[in-house]
Amino acid sequence: MSESPDFVTLPDLACRSLGSGVPYANDELFAERENLIKPEPAVFSTEDFGHKGKVYDGWETRRRREPGHDFAVVRFGAPGIVRGVVIDTAWFKGNYPPFASVEATSAEGYPSPAELERADWQTIVERSPLRGDSENSFPVAAGQRFTHVRLSIYPDGGVARFRVHGEVVPDPRLLPDTFDLAAAEHGAQVVDCSDMFYSSPTNLIMPGRARIMGDGWENARRRDDANDFVTFALAGPGTVTMAELDTSHFVGNAPGWASLRGIDARSASLEESRFWSELLPLTRLQPDTPHRFRLGAHRPMTHIRMDVFPDGGLARVRLYGSMDPAQRRVISLRWFNALPETHARAVIAQHADDEHAAKLAASRPFTDAAALPDAILAVFR
(Lines give C-alpha, C1' and ligand atoms only; values in the text may rest on other atoms or scores of the structure.)
Protein backbone atom coordinates (compact mmCIF):
# COMPACT_ATOMS: atom_id res chain seq x y z
CA MET A 1 0.00 0.00 0.00
CA SER A 2 1.05 3.58 -0.61
CA GLU A 3 -0.05 6.80 1.05
CA SER A 4 0.11 8.90 -2.12
CA PRO A 5 0.19 6.60 -5.18
CA ASP A 6 0.63 8.00 -8.67
CA PHE A 7 -2.60 6.39 -9.90
CA VAL A 8 -4.78 8.84 -7.94
CA THR A 9 -4.08 11.47 -10.62
CA LEU A 10 -6.10 9.34 -13.07
CA PRO A 11 -9.89 9.75 -13.34
CA ASP A 12 -12.09 8.07 -10.75
CA LEU A 13 -14.08 5.65 -12.91
CA ALA A 14 -16.49 5.00 -10.03
CA CYS A 15 -17.37 8.64 -9.33
CA ARG A 16 -21.01 9.73 -9.42
CA SER A 17 -19.93 12.76 -11.46
CA LEU A 18 -19.08 10.42 -14.37
CA GLY A 19 -22.50 8.76 -14.16
CA SER A 20 -21.54 5.81 -11.96
CA GLY A 21 -24.01 4.03 -9.70
CA VAL A 22 -24.20 1.39 -6.96
CA PRO A 23 -26.86 -1.03 -8.22
CA TYR A 24 -26.63 -3.48 -5.31
CA ALA A 25 -25.33 -4.07 -1.80
CA ASN A 26 -26.26 -7.03 0.32
CA ASP A 27 -26.72 -4.81 3.40
CA GLU A 28 -26.87 -1.07 4.10
CA LEU A 29 -28.77 -0.89 7.37
CA PHE A 30 -26.79 1.97 8.91
CA ALA A 31 -25.73 4.01 5.85
CA GLU A 32 -26.62 3.92 2.16
CA ARG A 33 -24.39 2.32 -0.45
CA GLU A 34 -24.70 5.35 -2.76
CA ASN A 35 -22.47 7.35 -0.41
CA LEU A 36 -19.49 5.30 -1.61
CA ILE A 37 -19.24 7.17 -4.92
CA LYS A 38 -19.94 10.75 -3.87
CA PRO A 39 -17.29 13.01 -5.42
CA GLU A 40 -16.71 15.10 -2.31
CA PRO A 41 -14.80 13.92 0.80
CA ALA A 42 -16.80 12.34 3.61
CA VAL A 43 -17.95 14.62 6.42
CA PHE A 44 -18.73 13.88 10.06
CA SER A 45 -20.90 15.44 12.76
CA THR A 46 -20.75 14.37 16.40
CA GLU A 47 -24.37 15.48 16.83
CA ASP A 48 -25.89 13.62 13.89
CA PHE A 49 -27.87 10.60 15.10
CA GLY A 50 -30.86 8.83 13.55
CA HIS A 51 -33.26 6.18 14.72
CA LYS A 52 -30.74 3.47 13.74
CA GLY A 53 -27.82 5.12 15.53
CA LYS A 54 -24.92 7.35 14.48
CA VAL A 55 -25.30 8.72 10.96
CA TYR A 56 -22.19 8.21 8.80
CA ASP A 57 -21.39 9.72 5.42
CA GLY A 58 -20.50 6.37 3.89
CA TRP A 59 -21.73 2.80 3.45
CA GLU A 60 -22.19 0.89 6.71
CA THR A 61 -23.59 -2.57 7.31
CA ARG A 62 -24.96 -4.13 10.51
CA ARG A 63 -22.84 -6.25 12.86
CA ARG A 64 -22.75 -9.79 11.51
CA ARG A 65 -23.85 -12.63 13.79
CA GLU A 66 -23.38 -15.36 11.20
CA PRO A 67 -20.64 -16.46 8.76
CA GLY A 68 -20.09 -14.53 5.55
CA HIS A 69 -19.17 -11.03 4.48
CA ASP A 70 -20.76 -7.90 3.01
CA PHE A 71 -20.32 -6.46 -0.47
CA ALA A 72 -21.41 -3.66 -2.80
CA VAL A 73 -21.39 -3.57 -6.61
CA VAL A 74 -20.40 -0.36 -8.41
CA ARG A 75 -21.21 0.31 -12.09
CA PHE A 76 -18.73 2.55 -13.87
CA GLY A 77 -20.12 5.60 -15.59
CA ALA A 78 -17.03 5.48 -17.80
CA PRO A 79 -15.65 1.93 -18.18
CA GLY A 80 -11.91 1.61 -18.38
CA ILE A 81 -8.65 0.01 -17.30
CA VAL A 82 -8.27 0.10 -13.52
CA ARG A 83 -4.84 1.15 -12.24
CA GLY A 84 -5.59 1.42 -8.54
CA VAL A 85 -8.29 1.68 -5.87
CA VAL A 86 -8.66 3.65 -2.67
CA ILE A 87 -10.85 2.23 0.10
CA ASP A 88 -11.40 5.28 2.30
CA THR A 89 -12.54 4.53 5.86
CA ALA A 90 -12.66 8.20 6.92
CA TRP A 91 -14.41 8.66 10.30
CA PHE A 92 -14.87 4.91 10.72
CA LYS A 93 -12.68 4.12 13.74
CA GLY A 94 -14.30 1.36 15.81
CA ASN A 95 -16.54 0.09 13.03
CA TYR A 96 -14.34 -0.18 9.93
CA PRO A 97 -13.82 -3.55 8.18
CA PRO A 98 -10.52 -5.19 9.12
CA PHE A 99 -10.15 -6.65 5.60
CA ALA A 100 -11.40 -5.99 2.07
CA SER A 101 -11.02 -7.30 -1.47
CA VAL A 102 -12.05 -6.02 -4.90
CA GLU A 103 -13.26 -7.94 -7.95
CA ALA A 104 -14.10 -6.67 -11.43
CA THR A 105 -16.10 -7.76 -14.43
CA SER A 106 -17.03 -6.52 -17.89
CA ALA A 107 -20.55 -6.90 -19.19
CA GLU A 108 -22.34 -6.15 -22.43
CA GLY A 109 -25.25 -3.71 -22.17
CA TYR A 110 -26.93 -2.92 -18.87
CA PRO A 111 -27.13 -6.05 -16.70
CA SER A 112 -29.42 -6.33 -13.68
CA PRO A 113 -28.06 -7.16 -10.19
CA ALA A 114 -29.18 -10.78 -10.69
CA GLU A 115 -27.28 -10.98 -14.00
CA LEU A 116 -24.21 -9.43 -12.41
CA GLU A 117 -24.28 -12.06 -9.69
CA ARG A 118 -23.78 -14.70 -12.42
CA ALA A 119 -21.04 -12.72 -14.20
CA ASP A 120 -17.43 -13.81 -14.51
CA TRP A 121 -15.66 -11.87 -11.73
CA GLN A 122 -11.90 -11.42 -11.57
CA THR A 123 -10.03 -10.52 -8.38
CA ILE A 124 -8.02 -7.32 -8.83
CA VAL A 125 -7.23 -6.69 -5.14
CA GLU A 126 -6.71 -9.75 -2.97
CA ARG A 127 -8.17 -9.83 0.54
CA SER A 128 -6.04 -7.23 2.34
CA PRO A 129 -5.97 -5.53 5.76
CA LEU A 130 -7.48 -2.06 6.16
CA ARG A 131 -6.76 0.76 8.58
CA GLY A 132 -9.55 2.76 10.15
CA ASP A 133 -10.08 6.45 9.39
CA SER A 134 -7.57 6.17 6.52
CA GLU A 135 -7.23 6.15 2.75
CA ASN A 136 -6.21 2.56 2.01
CA SER A 137 -4.59 2.49 -1.44
CA PHE A 138 -3.96 -0.57 -3.61
CA PRO A 139 -2.37 -0.64 -7.11
CA VAL A 140 -4.03 -2.83 -9.74
CA ALA A 141 -2.17 -4.59 -12.56
CA ALA A 142 -5.01 -6.41 -14.36
CA GLY A 143 -4.70 -4.30 -17.54
CA GLN A 144 -8.20 -5.10 -18.79
CA ARG A 145 -11.25 -2.90 -19.39
CA PHE A 146 -14.00 -3.36 -16.81
CA THR A 147 -17.56 -2.07 -16.48
CA HIS A 148 -18.27 -3.03 -12.83
CA VAL A 149 -16.37 -3.65 -9.61
CA ARG A 150 -17.41 -5.43 -6.42
CA LEU A 151 -16.09 -4.24 -3.06
CA SER A 152 -16.18 -6.97 -0.40
CA ILE A 153 -15.59 -6.20 3.29
CA TYR A 154 -14.79 -8.84 5.90
CA PRO A 155 -16.88 -9.45 7.83
CA ASP A 156 -18.83 -6.15 8.05
CA GLY A 157 -18.41 -2.47 8.89
CA GLY A 158 -18.25 0.89 7.18
CA VAL A 159 -16.44 2.46 4.21
CA ALA A 160 -16.76 6.18 3.53
CA ARG A 161 -15.66 6.38 -0.10
CA PHE A 162 -14.54 3.94 -2.78
CA ARG A 163 -12.33 5.40 -5.51
CA VAL A 164 -11.40 3.39 -8.60
CA HIS A 165 -8.76 5.22 -10.63
CA GLY A 166 -7.88 4.32 -14.18
CA GLU A 167 -7.91 5.13 -17.87
CA VAL A 168 -11.25 5.56 -19.59
CA VAL A 169 -11.65 3.27 -22.63
CA PRO A 170 -14.88 4.21 -24.41
CA ASP A 171 -16.96 1.75 -26.40
CA PRO A 172 -16.33 2.83 -30.03
CA ARG A 173 -19.76 1.52 -31.06
CA LEU A 174 -21.36 4.27 -28.99
CA LEU A 175 -19.29 7.20 -30.27
CA PRO A 176 -21.14 9.33 -32.85
CA ASP A 177 -19.40 10.80 -35.87
CA THR A 178 -19.03 14.16 -34.10
CA PHE A 179 -18.58 14.24 -30.32
CA ASP A 180 -16.82 16.07 -27.49
CA LEU A 181 -13.15 15.12 -27.89
CA ALA A 182 -12.32 16.74 -24.54
CA ALA A 183 -14.88 14.81 -22.46
CA ALA A 184 -13.55 12.71 -19.59
CA GLU A 185 -16.21 10.08 -20.33
CA HIS A 186 -14.67 9.64 -23.80
CA GLY A 187 -11.13 9.24 -22.46
CA ALA A 188 -9.80 12.81 -22.51
CA GLN A 189 -7.59 14.02 -19.66
CA VAL A 190 -6.10 17.20 -18.23
CA VAL A 191 -2.33 16.86 -18.56
CA ASP A 192 -1.12 20.30 -17.45
CA CYS A 193 -2.44 23.27 -15.53
CA SER A 194 -0.87 26.50 -14.30
CA ASP A 195 -2.92 26.76 -11.09
CA MET A 196 -5.70 24.86 -9.29
CA PHE A 197 -5.84 26.77 -6.03
CA TYR A 198 -9.61 26.58 -5.53
CA SER A 199 -10.74 23.62 -7.61
CA SER A 200 -9.51 21.00 -10.06
CA PRO A 201 -9.28 21.63 -13.83
CA THR A 202 -10.58 18.08 -14.34
CA ASN A 203 -14.01 19.50 -13.49
CA LEU A 204 -13.92 21.29 -16.84
CA ILE A 205 -14.33 18.03 -18.77
CA MET A 206 -16.86 16.27 -16.55
CA PRO A 207 -20.36 15.43 -17.86
CA GLY A 208 -23.32 17.76 -17.55
CA ARG A 209 -23.62 21.39 -16.55
CA ALA A 210 -21.91 22.69 -13.45
CA ARG A 211 -24.38 23.11 -10.58
CA ILE A 212 -22.32 25.67 -8.68
CA MET A 213 -19.04 27.54 -9.07
CA GLY A 214 -17.23 24.82 -7.11
CA ASP A 215 -18.07 22.33 -9.88
CA GLY A 216 -15.73 24.15 -12.24
CA TRP A 217 -12.07 25.18 -12.31
CA GLU A 218 -10.96 28.28 -10.41
CA ASN A 219 -7.41 29.54 -9.98
CA ALA A 220 -5.95 32.07 -7.53
CA ARG A 221 -5.85 35.80 -8.29
CA ARG A 222 -2.74 36.68 -10.27
CA ARG A 223 -0.45 39.47 -9.07
CA ASP A 224 2.02 39.27 -11.96
CA ASP A 225 2.06 39.77 -15.73
CA ALA A 226 1.54 36.10 -16.68
CA ASN A 227 -1.71 34.20 -17.34
CA ASP A 228 -3.26 30.85 -16.43
CA PHE A 229 -3.84 27.85 -18.69
CA VAL A 230 -5.05 24.24 -18.93
CA THR A 231 -3.84 21.63 -21.45
CA PHE A 232 -6.14 18.80 -22.52
CA ALA A 233 -5.14 15.47 -24.07
CA LEU A 234 -8.02 14.65 -26.40
CA ALA A 235 -9.78 11.30 -26.43
CA GLY A 236 -7.84 10.62 -29.62
CA PRO A 237 -6.36 12.55 -32.52
CA GLY A 238 -9.19 14.47 -34.13
CA THR A 239 -10.29 17.60 -35.92
CA VAL A 240 -11.88 20.07 -33.51
CA THR A 241 -14.40 22.33 -35.23
CA MET A 242 -16.32 23.95 -32.37
CA ALA A 243 -15.52 24.94 -28.78
CA GLU A 244 -17.72 25.81 -25.83
CA LEU A 245 -16.14 27.87 -23.05
CA ASP A 246 -18.70 28.04 -20.27
CA THR A 247 -18.28 30.63 -17.49
CA SER A 248 -21.61 29.78 -15.81
CA HIS A 249 -21.67 30.73 -12.10
CA PHE A 250 -18.44 32.73 -12.46
CA VAL A 251 -19.66 36.30 -12.11
CA GLY A 252 -16.90 38.41 -10.56
CA ASN A 253 -14.13 35.91 -11.24
CA ALA A 254 -14.52 34.86 -14.89
CA PRO A 255 -11.53 35.37 -17.24
CA GLY A 256 -11.54 38.55 -19.24
CA TRP A 257 -10.29 36.79 -22.37
CA ALA A 258 -9.34 33.33 -23.59
CA SER A 259 -7.59 31.67 -26.52
CA LEU A 260 -7.14 28.11 -27.81
CA ARG A 261 -4.16 26.45 -29.47
CA GLY A 262 -3.69 22.90 -30.70
CA ILE A 263 -0.88 20.49 -31.52
CA ASP A 264 -0.44 17.02 -32.99
CA ALA A 265 1.95 15.46 -30.48
CA ARG A 266 2.44 12.40 -32.69
CA SER A 267 4.91 14.44 -34.72
CA ALA A 268 5.84 17.39 -32.50
CA SER A 269 6.86 18.13 -28.93
CA LEU A 270 4.44 19.81 -26.52
CA GLU A 271 7.38 21.81 -25.20
CA GLU A 272 8.06 23.64 -28.48
CA SER A 273 5.70 26.57 -28.90
CA ARG A 274 6.37 26.88 -32.65
CA PHE A 275 4.44 23.66 -33.27
CA TRP A 276 1.23 24.94 -31.68
CA SER A 277 -1.46 26.24 -34.06
CA GLU A 278 -3.99 28.92 -33.21
CA LEU A 279 -7.57 27.64 -33.09
CA LEU A 280 -9.25 30.56 -31.35
CA PRO A 281 -7.50 33.95 -31.18
CA LEU A 282 -7.61 36.04 -28.03
CA THR A 283 -11.36 36.49 -27.50
CA ARG A 284 -13.33 38.42 -24.91
CA LEU A 285 -15.46 36.39 -22.49
CA GLN A 286 -18.51 37.42 -20.50
CA PRO A 287 -19.28 36.34 -16.94
CA ASP A 288 -21.83 33.57 -16.28
CA THR A 289 -22.19 32.72 -19.99
CA PRO A 290 -21.79 29.59 -22.17
CA HIS A 291 -19.76 30.82 -25.18
CA ARG A 292 -19.66 28.83 -28.43
CA PHE A 293 -17.07 29.40 -31.15
CA ARG A 294 -16.31 27.95 -34.59
CA LEU A 295 -12.61 27.13 -34.82
CA GLY A 296 -9.95 27.46 -37.49
CA ALA A 297 -6.93 25.24 -38.37
CA HIS A 298 -9.00 22.23 -39.39
CA ARG A 299 -6.44 19.45 -39.08
CA PRO A 300 -6.02 16.63 -36.55
CA MET A 301 -4.82 17.56 -33.06
CA THR A 302 -3.94 15.43 -30.03
CA HIS A 303 -3.77 18.24 -27.43
CA ILE A 304 -5.51 21.56 -26.94
CA ARG A 305 -4.28 24.35 -24.66
CA MET A 306 -6.69 26.94 -23.30
CA ASP A 307 -5.13 30.17 -22.05
CA VAL A 308 -7.19 32.51 -19.86
CA PHE A 309 -6.24 36.14 -19.32
CA PRO A 310 -5.14 37.09 -16.84
CA ASP A 311 -6.80 34.52 -14.56
CA GLY A 312 -10.29 33.36 -13.56
CA GLY A 313 -12.48 30.30 -13.62
CA LEU A 314 -14.70 28.37 -16.01
CA ALA A 315 -17.41 25.81 -15.43
CA ARG A 316 -16.94 23.56 -18.48
CA VAL A 317 -14.92 23.26 -21.70
CA ARG A 318 -16.30 21.30 -24.67
CA LEU A 319 -14.28 20.63 -27.83
CA TYR A 320 -16.48 19.10 -30.51
CA GLY A 321 -15.00 17.35 -33.51
CA SER A 322 -14.41 14.04 -35.24
CA MET A 323 -11.78 11.38 -35.80
CA ASP A 324 -10.79 10.06 -39.19
CA PRO A 325 -11.61 6.37 -39.93
CA ALA A 326 -8.02 5.23 -39.36
CA GLN A 327 -7.93 6.73 -35.88
CA ARG A 328 -11.32 5.27 -35.00
CA ARG A 329 -9.90 1.86 -35.88
CA VAL A 330 -6.98 2.49 -33.53
CA ILE A 331 -9.19 3.27 -30.53
CA SER A 332 -11.55 0.45 -31.48
CA LEU A 333 -8.70 -2.03 -31.52
CA ARG A 334 -7.53 -0.83 -28.11
CA TRP A 335 -11.05 -1.34 -26.73
CA PHE A 336 -11.37 -4.81 -28.26
CA ASN A 337 -7.96 -5.97 -27.04
CA ALA A 338 -8.67 -4.70 -23.51
CA LEU A 339 -11.95 -6.60 -23.08
CA PRO A 340 -11.87 -9.62 -20.74
CA GLU A 341 -12.25 -12.81 -22.76
CA THR A 342 -15.87 -13.48 -21.83
CA HIS A 343 -16.90 -9.98 -22.92
CA ALA A 344 -14.88 -10.20 -26.14
CA ARG A 345 -16.61 -13.46 -26.97
CA ALA A 346 -20.01 -11.89 -26.33
CA VAL A 347 -19.18 -9.04 -28.74
CA ILE A 348 -17.95 -11.39 -31.48
CA ALA A 349 -20.85 -13.82 -30.99
CA GLN A 350 -23.18 -11.13 -32.35
CA HIS A 351 -21.43 -11.58 -35.72
CA ALA A 352 -20.02 -15.13 -35.68
CA ASP A 353 -20.74 -18.59 -34.27
CA ASP A 354 -19.58 -19.55 -30.76
CA GLU A 355 -16.59 -21.58 -31.95
CA HIS A 356 -15.30 -18.75 -34.14
CA ALA A 357 -15.96 -16.23 -31.36
CA ALA A 358 -13.94 -18.26 -28.86
CA LYS A 359 -11.05 -18.60 -31.32
CA LEU A 360 -10.90 -14.88 -32.13
CA ALA A 361 -11.16 -13.83 -28.48
CA ALA A 362 -8.30 -16.16 -27.56
CA SER A 363 -6.14 -14.80 -30.43
CA ARG A 364 -5.91 -11.29 -29.01
CA PRO A 365 -4.18 -8.91 -28.85
CA PHE A 366 -4.48 -7.94 -32.52
CA THR A 367 -2.09 -5.30 -33.83
CA ASP A 368 -4.02 -4.61 -37.03
CA ALA A 369 -7.80 -4.39 -37.34
CA ALA A 370 -7.48 -5.68 -40.92
CA ALA A 371 -6.73 -9.12 -39.48
CA LEU A 372 -10.29 -9.37 -38.25
CA PRO A 373 -13.23 -10.71 -40.30
CA ASP A 374 -15.38 -8.18 -42.16
CA ALA A 375 -18.30 -8.69 -39.78
CA ILE A 376 -16.14 -7.72 -36.81
CA LEU A 377 -14.58 -4.81 -38.68
CA ALA A 378 -18.09 -3.40 -38.99
CA VAL A 379 -18.03 -2.94 -35.21
CA PHE A 380 -14.98 -0.71 -35.73
CA ARG A 381 -16.90 1.48 -38.22
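Residues numbered from 1 in each chain as written. Predicted model: local features only at pLDDT ≥ 70, side-chain atom pairs only at ≥ 80, totals over all residues. Heavy atoms only, no water.

Quick notes on helix 4 (residues 354–362)
- Three or more residues of helix 4 are buried, namely Ala 357, Leu 360 and Ala 361. Angular distribution of buried residues about the axis of helix 4 spans 100°; they occupy a single face of the element. Counted as exposed and oriented over 90 degrees from the buried face of helix 4: Glu 355, Lys 359 and Ala 362. (Buried < 20%, exposed > 50% of the residue type's maximum accessible area, 1.4 Å probe, protein only. Helix = DSSP H or I, 4+ residues; strand = E, 2+ residues; numbered from the N terminus. Arc of directions from axis to C-beta.)

Re the packing of aromatic side chains
- What the rule picks out here adds up to 3 aromatic pairs.
- Ring plane angle 80° and centroid distance 4.8 Å describe the contact between Phe 197 and Tyr 198, whose orientation is recorded as edge-to-face.
- Over the ring of Phe 99 we find Arg 127, and its NZ or CZ is 4.9 Å from the ring centre.
- The ring of Trp 121 is capped by Arg 150, whose NZ or CZ atom sits 4.3 Å from the centre of that ring. (Phe/Tyr/Trp six-rings, centres within 6.5 Å; stacked < 30°, edge-to-face > 60°. Lys NZ or Arg CZ within 6 Å of the ring centre and 35° of its normal.)

Details of the nonpolar core
- In terms of nonpolar packing, the biggest core is built from 63 residues, with Leu 151, Phe 162, Met 306 and Leu 319 touching the most fellow members.
- Counting residues per element, this core draws most heavily on strand 5 (residues 70–88), at 7 residues.
- Apart from the residues lying within four places of it in its own chain, the contact partners of Leu 319 are Phe 179, Asp 180, Leu 181, Ala 182, Phe 232, Leu 234, Val 240, Met 242, Ala 243, Leu 260 and Ile 304.
- By size, the runner-up hydrophobic cluster in this structure holds 17 residues, among which are Leu 333, Trp 335, Ala 344 and Ala 352. (Core = buried A, V, L, I, M, F, W, Y, C linked by side-chain atoms within 4.5 Å. Contact = heavy atoms within 4.5 Å.)

Some remarks on the pattern of salt bridges
- Applying the stated criterion to the full structure yields 24 salt bridges.
- Between Arg 33 and Glu 34 there is a salt bridge, with the nearest N and O atoms lying 3.7 Å from each other.
- With relative accessibility at 30%, the residue Glu 34 sits in the partly exposed group.
- Across the pair Arg 266 and Asp 264 runs a salt bridge, and its minimum N-O distance is 2.9 Å.
- A single salt-bridge network, built from bridges that share partners, covers Arg 209, Glu 244, Asp 246 and Arg 292. (Salt bridge = Lys/Arg side-chain N within 4 Å of Asp/Glu carboxyl O.)

Quick word on helix 3 (residues 341–348)
- Taken together, the buried positions of helix 3 are His 343, Ala 344, Val 347 and Ile 348. Summarising the axial view, the buried residues of helix 3 lie within an arc of 135°, below the 170-degree limit, and thus occupy one face.

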